[in-house]
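Examination of the molecular architecture
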Amino acid sequence: MTPPAVQAYLRRVTRLLPPTAARRVRAELHGNLHQSMLDARLRGLTETDAWTAALSEAGPALPAALHLARTHTLGLALRWLLAAGLLGGAAYALQGNHPATPTPATTEAQP
């Protein structure tokens, strides 16, 4: 059974992620924490102390949450910006309020 402190850490680390990404990241991070706990158990720690050591090795939740948010949402933001730019360009092209070709400048003969 996963201790409440570990569950709270996993929630804090993934709180900035979209729900689907948060579930995937939480599962992977839980696996990593569990492996760290097992490694600590092999070093002779009790299970409670091993979970504490695993959380300590994982580091603070806030920097990890910010890093994960940058990793998992920056690509999404860039895709939205690209789509908005493409749609804006298409809307401009379909408006028809802009000249299709520039009008040539006329030159008059000077006496």
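A brief report on the enclosed structure follows. Being a predicted model, the structure only gives us computed values, none of them experimental.

What counts and how
Residues numbered from 1 in each chain as written. Predicted model: local features only at pLDDT ≥ 70, side-chain atom pairs only at ≥ 80, totals over all residues. Heavy atoms only, no water. Patch = residues over 30% accessible without salt bridge, like charges linked within 9 Å, V, L, I, M, F, W, Y side chains within 5 Å. Areas by Shrake-Rupley, 256 points an atom, 1.4 Å probe, with all protein chains shown as cover. Salt bridge = Lys/Arg side-chain N within 4 Å of Asp/Glu carboxyl O. Helix = DSSP H or I, 4+ residues; strand = E, 2+ residues; numbered from the N terminus. Buried < 20%, exposed > 50% of the residue type's maximum accessible area, 1.4 Å probe, protein only. Polar contact = N/O pair within 3.5 Å; in protein donor to acceptor, adjacent residues only side chain to side chain. Expected span 1.5 Å × (residues − 1). Contact = heavy atoms within 4.5 Å.

**Quick look at a nonpolar patch on the surface**
Taken together, the side chains of L16, L62 and L66 define a hydrophobic patch exposed on the protein surface, amounting to about 280 Å² of accessible area. Structurally, L66 can be placed in helix 4 (residues 61-95). A relative accessible area of 43% means that L66 is categorised as partly exposed.

**Examining the side chain of T2**
Inspection of the secondary structure puts T2 in the segment before helix 1 (4-14). A polar contact is formed between the side chain of T2 and the side chain of H30, at a distance of 2.7 Å.

**What to know about helix 3 (residues 47-58)**
The first and last C-alpha atoms of helix 3 sit 16 Å apart over 12 residues, in line with the 16 Å expected at 1.5 Å per residue. All buried positions along helix 3 are accounted for by A50, W51, A53, A54 and L55. Among the structural elements, helix 1 and helix 2 (19-42) are those in contact with the buried residues of helix 3. Looking one or two residues beyond helix 3, the residue adopting positive phi is G59, at roughly 95 degrees.

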